[in-house]
Amino acid sequence: MDTVLLLPRLLVPVRPRLQVLEQMAVVIEKELITAVLPRSEALARYPQAVRIELPEHVLVPGFINMHTHSAMSLLRGYADDLNLQVWLNDHIWPVEKAFLGPGFVHDGARLAIAEMLRGGTTFFNDLYFFPEVTAAAAVETGMRACIGLPVIDVATVWADDENAYIEKGLEVSASWQNEPLITTSFAPHAPYSVGDAALGRVADLSESHGMRVHMHVLESGWEISESLRRYGKPTLERLHDIGLLNERLLAVHMTQLNGTDLEALSKTGVNVIHCPESNLKLGNGICPVARLLEHGVNLALGTDGAASNNNLDLLAESRSAALLAKGYAADPCVLTAFQALEMLTINAARALGKEHRLGSVEAGKLADLCAIRLDSLQTTPMYDVVSHLIYAASSQQVSHVWVGGRMLMQDKQFLYMDTGDIMDRANDWAKRITSQTRATRSREYKFHE
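Since the model is a prediction, treat every value here as computed from it, not as a measurement.

K.L.:
I'm lost on the overall build of the protein in this one. Help?
P.N.:
Summing up its helical and strand segments, the protein has 16 helices and 17 strands in all. For a compact globule of 449 residues, the expected C-alpha radius of gyration is about 22 Å, and the protein comes in at 21 Å, within 12% of that figure. Counting over 449 residues, the protein shows a buried share of 61%. Of all intrachain contacts in the protein linking residues separated by at least 6 positions in sequence, the fraction that spans at least 24 positions is 73%. Within the structure as shown, the protein displays about 17100 Å² of accessible surface, and the carbon and sulfur contribution to it stands at 50%.

Have a look at this one:
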């Protein structure tokens, strides 16, 4: 493969921190960044290299979406303006029961991947049924993914019980272990939907396999009383006793935290995945970002699924996160633009245990990158490019995306994806779903009365 020189107007490498570089070149050989050096030096050193001029662009690490349910893009807008329990019990789980299958997951995942790539996301951390299908869709499209192996205490078309989920998940993990684009995690749905025995087994397997545990935790106030009622202890104390509070835990949402919880998270190294727009839309509360930062907790960003956001736009999510943190803390200095960019990149890589390979533009790291055009009304004039990335730029300004050195989008055009076919398939699913009544109810999907 030819050596490639990326020649952007500006480079924000993320590491070293707080740097904005001009007249630089990023050298890509095969899947790796092999050098970051001044433009003139690169042109002299690599005279035969393929040059990609990016004269009106800023080049940044590819964004990492740390929590989503990619196939649920097919349910975008299906049920809105509802609280979490009603949304899940009365709408989402019944429609999933009726339509969930490999075809649904494949078509939904492809739709989500296209949307994410268009917005500069090069890696997504997924949690959904038929994980092997999502993994295949990611590889087909050249996307990097951590595929969650679901565990839940209700039967679905994918597995019958908690042990079956775990066994099938281990088989999926083994089948993808040699694919460089795919890693796997254990993905118990939530503390209220997975019992102690299954969570204990997940904790043991996570330690023995060195795998992350990706789980919704303390998403809503209802979970606090439910944990006390069913288990006689708060959620985080229960997870600690089971052995899940450690640096491998990716705790998603975390809107219901107290001071004791913050200390526990800090001591155990748990990673918190903040999904501000989904939390706001479902009325579930606000993750206390300022206090988590004060306690040194690693924070990354996720969009959640398109059924509850309703988009997969990480740039928009980062703006929401920064503004919400300031308003909630009544402090405009909380969560600066650069810290928000870190949540999209290096913090996410750290949460995955991949900060040595991803999350910044440095020699030796994987060439997962995106270029964003700056010649737009909304990013003119420009005093601070990082400020513009978080507070002003739109995902529509993302022009180029690379995963492992392979260009997947050029000048806003996908090189290997047929978006017409992807949208046609999504619209076919919508017709099938809307032809069936939305009044379907299913008691076995209810976890409380």
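K.L.:
Would you take a moment to explain the environment of Glu223 for this structure?
P.N.:
Residue placement: Glu223 occurs in helix α7 (residues 222-231). Considered as a pair, Glu223 and Gln256 are 33 residues apart in the sequence and their alpha carbons are 8.7 Å apart. The residues touching Glu223, leaving out its near neighbours within four places in the chain, are Tyr192, Val217, Leu218 and Thr235. A distance of 2.8 Å separates a polar atom in the side chain of Glu223 from the backbone nitrogen of Glu219.

K.L.:
When you look at the environment of Asp160 in this model, what are you seeing that I'm missing?
P.N.:
With respect to the helices and strands, the residue Asp160 is situated in the loop between β8 (144-151) and α5 (162-175). When its relative accessible area of 61% is taken as the criterion, Asp160 is described as exposed.

K.L.:
Please clarify how the side chain of Arg212 should be interpreted in this entry.
P.N.:
Considering the arrangement of structural elements, one finds Arg212 in the loop between α6 (196-209) and β10 (213-217). Despite its burial, Arg212 remains without a salt bridge, the nearest opposite charge being carried by Glu355 at 6.0 Å. Within polar-contact distance, the side chain of Arg212 engages the backbone oxygen of Ala351 at 2.8 Å. In this structure Arg212 touches Ser185, Phe186, Glu247, Arg248, Leu250, Arg350, Ala351, Leu352 and Gly353, once residues within four positions along its chain are discounted.

K.L.:
Could you clarify how one ought to interpret the pairing of strand β1 (residues 4-11) in this entry?
P.N.:
For a regular strand, side-chain orientation follows a simple rule: the groups alternate between the two sheet faces. Most of β1 sits out of view: seven of its eight residues are buried. Sheet topology note: the β1/strand β3 (residues 24-29) ladder contains three bridges and is antiparallel. Residue pairing for β3: Val4 is matched across the bridge by Ile28. Strand direction decides the pairing type here: β1 and strand β2 (residues 21-22), joined by two bridges, are antiparallel. Following the sheet pairing, Leu11 is matched in β2 by Leu21.

K.L.:
Just checking my understanding: could you explain the pattern of salt bridges for this structure?
P.N.:
Pairing is possible between side chains of opposite charge, provided their charged atoms come close. Under the counting rule described, the total for this entry stands at 19 salt bridges. For Arg144, the salt bridge goes to Asp368, with nearest N and O atoms at 2.7 Å. Here Arg144, found in strand β8, pairs with Asp368, found in the loop between α14 (346-351) and β14 (369-373); they are 224 residues apart in sequence, far enough to count as distant. Note on Asp368: relative accessible area 5%, which makes it buried. Across the pair Glu362 and Lys365 runs a salt bridge, and its minimum N-O distance is 3.4 Å. One network of salt bridges, in which partners are shared, links Asp107, Arg110, Asp421 and Arg425.

K.L.:
Looking at this structure, how should I read unusual backbone geometry?
P.N.:
Across residues other than glycine, the phi torsion is negative in most instances, and most of the peptide bonds are trans. Here Arg15 and Pro16 are connected by a cis peptide whose omega angle stands at 0°. Mapped onto the elements of the fold, Pro16 is located in the loop between β1 and β2. Of the consecutive residues Asn309 and Asn310, the connecting peptide bond is found in the cis state with omega at 20°. The residue Asn310 is located in the loop between β13 (299-301) and α12 (314-329) in this model. With a phi angle near 65°, Asp304 is a residue other than glycine that sits in the positive phi range.

K.L.:
Where do I start with the packing of aromatic side chains in this structure?
P.N.:
Two numbers describe a pair of aromatic rings. These are the distance of the centres and the angle of the planes. For the coordinates displayed, the defined rule picks out four aromatic pairs. Note on Phe104 and Trp429: the rings are 5.4 Å apart at their centroids and 80° apart in plane angle, and the pair reads as edge-to-face. Residue Phe104 is located in helix α3 (residues 102-118), and its partner Trp429 is located in helix α16 (residues 419-434); the two are separated by 325 residues in the primary sequence. Judged by centre distance (4.9 Å) and plane angle (75°), the rings of Tyr192 and Trp222 are edge-to-face.

K.L.:
What's the story with the packing of α6 against helix α8 (residues 235-242) in this structure? I'm lost.
P.N.:
A pair of packed helices is characterised by two quantities: the angle between their axes and the separation of those axes. Look at α6 against α8: their axes get within 9 Å of each other, and the N-to-C directions meet at 55°. With respect to α8, the axis of α6 lies oblique. As α6 runs across α8, the sense of the crossing is right-handed. Taken together, the residues of α8 that come into contact with α6 (itself represented by Asp196, Leu199, Gly200 and Ala203) are Arg238, Leu239 and Ile242. Among the residues forming the contact of α6 with α8, the class breakdown is four nonpolar, one polar and two charged.

K.L.:
When you look at α16 in this model, what are you seeing that I'm missing?
P.N.:
Side chains three or four residues apart in an α-helix point the same way, a direct result of the helix having 3.6 residues per turn. Between its first and last C-alpha atoms α16 spans 22 Å; for 16 residues at 1.5 Å apiece the expected length is 22 Å, and the two agree. Among all positions of α16, only Ile422, Ala426, Trp429 and Ile433 are buried. Along the axis of α16, the buried positions cluster into a sector of 55°, meaning they face one direction only. Every exposed residue of α16 that faces more than 90 degrees away from the buried side is listed here: Lys431 and Thr434. For α16, the capping residue at the N-terminal end is Asp418, with a side-chain oxygen 3.1 Å from the backbone nitrogen of Gly420.

K.L.:
Explanation requested: the state of the cysteines in the structure shown.
P.N.:
One covalent bond between the sulfur atoms of two cysteine residues makes up a disulfide. Applying the stated criterion to the full structure yields zero disulfides. Unpaired in terms of disulfides, Cys146 finds its nearest cysteine sulfur in Cys275, a separation of 15 Å. This cysteine, Cys333, is not joined by any disulfide, and Cys287 carries the nearest cysteine sulfur, 19 Å off. A relative accessible area of 60% places Cys333 in the exposed class.

K.L.:
How should the confidence of the model for the protein be read in this particular structure?
P.N.:
It should be kept in mind that the predicted coordinates are not to be read in detail where pLDDT is low. Across the protein, the average pLDDT comes to 95, with 97% of residues at 70 or higher. Across residues 438-449 the pLDDT falls below 50, and counting only partners more than four positions away or on other chains, this stretch makes 33 contacts in the model.

About the thresholds
Residues numbered from 1 in each chain as written. Predicted model: local features only at pLDDT ≥ 70, side-chain atom pairs only at ≥ 80, totals over all residues. Heavy atoms only, no water. Helix = DSSP H or I, 4+ residues; strand = E, 2+ residues; numbered from the N terminus. Rg over C-alpha atoms; globule rule 2.2 N^0.38 Å. Buried < 20%, exposed > 50% of the residue type's maximum accessible area, 1.4 Å probe, protein only. Contact = heavy atoms within 4.5 Å. Areas by Shrake-Rupley, 256 points an atom, 1.4 Å probe, with all protein chains shown as cover. Polar contact = N/O pair within 3.5 Å; in protein donor to acceptor, adjacent residues only side chain to side chain. Lys, Arg positive; Asp, Glu negative; His and termini not counted. Salt bridge = Lys/Arg side-chain N within 4 Å of Asp/Glu carboxyl O. Pairing = 2+ DSSP bridges. Phe/Tyr/Trp six-rings, centres within 6.5 Å; stacked < 30°, edge-to-face > 60°. Axes fitted to C-alpha atoms, helices over the stretch in contact; angles between N-to-C directions. Parallel < 35°, antiparallel > 145°, perpendicular 65-115°, else oblique. Left-handed = near helix turned anticlockwise from the far one by under 90°. Nonpolar A, V, L, I, M, F, W, Y, C, P; charged D, E, K, R; others polar. Expected span 1.5 Å × (residues − 1). Arc of directions from axis to C-beta. Disulfide = S-S within 2.5 Å. pLDDT = per-residue confidence, 0-100.

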